[in-house]
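# Overview (structure and organization)
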Amino acid sequence: MKLLKLVPEDTNIRFLKWRVPFYVISALLMIASWTLVFTKGLNYGVDFAGGQEIAATFTQQREAPIGQLRELVGGLGYGDPIIQRFGAPNEVSIRTKLPESVEGNPAAAEQISNRIVSAVRQAYPDVRIDGIDTVSGKVSSEFRDKAIYALLAAMLAIALYIWIRFEWQFGVGALLSLLHDVSLTLGLFALLQLEFSLQIIAAILALIGYSLNDTIVVYDRIRENLKKYRKMPLAELLDLSVNETLARTVMTSATLLIALVPLLLFGPESLFGMTAAITLGIFVGTYSSIYMAAPILIWLGTSSDSFVTKESPTDKQERLARERGG
């Protein structure tokens, strides 16, 4: 039985030949992403924005009347509601912000939710209320701050780990790669106005883990080759290292996509944002390991000298034998 190979073992793709154009493209994408975040903003869920979220199902209708619901709830005087399909076409989530005077007053918040529910039930007798969640502005602000701190702490800890394990240039490359991946993910959510909630923070942390895993595999091979081929030009050595790990990278990404794409296409709408973030992360994580993490080592002046001092006696003998033989 012949094994299926998505990538031949003897690939010789000159990835680093296009490092400057791809760095320019990546820089433009990051700038565009942060521009979208600061101009359009993120569509925060109740976790981060505060307010109330009412889940409702229209039992006798195939599709929920989104437009009529928005007009109905908006007319109650609680600002512009955010109404989205949530799961099946006849299921919706109704999100409204709480007035500042209601903050810290559960009884007043309950009165508002009861008024919204009564208005919806009066207009649509077949509606079923599946749940009501209320998050105060203070709690949502704490959620948002802690989520940002978690992302920053994860990225800095990863960069420090790679710095200690390899060299400082590798730590900078890993941090830049992770910043690139997170920026593009935030840009996607700002562009499409997908709901940004605690689920998405979990997805971004998973994205960081995947990108780190792929970057470490590439960096590990680069370190080995820096010891083996001291006279090889660095760009050529980086190309060699990426090609040697390419089959593993492609197979890992392909197996993850086999699980994610059906979930993205046919899964419940409540998981769409999280699945979209992880799916995008697979592509940008693979890309950044090749075109962000690796090329920066050239511009930061990485050389084999720092790794030769860490060689074991056996490694040193093997290296000297190769150099004499070459």
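Residues numbered from 1 in each chain as written. Predicted model: local features only at pLDDT ≥ 70, side-chain atom pairs only at ≥ 80, totals over all residues. Heavy atoms only, no water.

### Points about the side chain of D214
Structurally, the position occupied by D214 is in helix 7 (residues 198–228). Relative accessible area serves as the criterion here: at 1%, D214 is assigned to the buried category. Apart from the residues lying within four places of it in its own chain, the contact partners of D214 are R248, T249, G285, T286 and S289. (Helix = DSSP H or I, 4+ residues; strand = E, 2+ residues; numbered from the N terminus. Buried < 20%, exposed > 50% of the residue type's maximum accessible area, 1.4 Å probe, protein only. Contact = heavy atoms within 4.5 Å.)

### Overview of the packing of aromatic side chains
Scanning the entire structure with this criterion turns up nine aromatic pairs. Centre to centre, the rings of Y23 and W299 are 4.8 Å apart; their planes meet at 85°, and the pair counts as edge-to-face. Of this pair, Y23 sits in helix 1 (residues 19–39) while W299 sits in helix 10 (residues 296–299), and the two are 276 residues apart along the sequence. Classification of W299 as partly exposed rests on a relative accessible area of 44%. Through a chain of ring-to-ring contacts, the aromatic side chains of F15, F22, Y287 and Y291 assemble into a single cluster. (Phe/Tyr/Trp six-rings, centres within 6.5 Å; stacked < 30°, edge-to-face > 60°.)

### Looking at helix 9 (residues 272–291)
Given a rise of 1.5 Å per residue, 20 residues ought to cover 28 Å, and the 28 Å separating the end C-alpha atoms of helix 9 matches this to within 8%. Of all the 20 residues making up helix 9, 14 are buried; the element is thus mostly covered by neighbouring parts of the structure. (Expected span 1.5 Å × (residues − 1).)

### Remarks on the packing of helix 7 against helix 8 (residues 234–266)
Packed helices, taken two at a time, are described by the angle between their axes plus the distance between the axes. The geometry of helix 7 relative to helix 8 is characterised by a closest axis approach of 9 Å and an angle of 145° between their N-to-C directions. Every pair of crossing elements has a handedness; the one defined by helix 7 and helix 8 is right-handed. The class makeup of the residues in the contact of helix 7 with helix 8 is eleven nonpolar, seven polar and four charged. (Axes fitted to C-alpha atoms, helices over the stretch in contact; angles between N-to-C directions. Left-handed = near helix turned anticlockwise from the far one by under 90°. Nonpolar A, V, L, I, M, F, W, Y, C, P; charged D, E, K, R; others polar.)

### A word on the UniProt feature "transmembrane region" (unreviewed entry) in the protein chain
The positions UniProt marks with the feature "transmembrane region" (unreviewed entry) are residues 20–38, 147–164, 171–192, 198–219, 240–265 and 271–300. The distance from the first to the last C-alpha atom of residues 20–38 is 27 Å, and the span holds 100% helix and 0% strand. (UniProt positions renumbered as here; feature names shortened; annotations may be inferred.)

### Concerning the nonpolar core
Soluble, globular proteins show a tendency: their nonpolar side chains are buried together. Ranked by size, the top nonpolar core spans 41 residues in total, and within it I162, F170, F196, I204, I208, Y219 and I222 carry the most contacts. Contributions of two or more residues to this core are made by helix 5 (137–165), helix 6 (168–192), helix 7, helix 8 and helix 9. For this core, the element with the most residues is helix 7, which contributes eleven residues. Contact partners of F196, with chain neighbours within four places excluded, come to L42, N43, Y44, G45, F48, L186, F189, I201 and I204. One finds V73, L76, V92 and A119 within the second-largest nonpolar core, a separate group that totals 21 residues. (Core = buried A, V, L, I, M, F, W, Y, C linked by side-chain atoms within 4.5 Å.)

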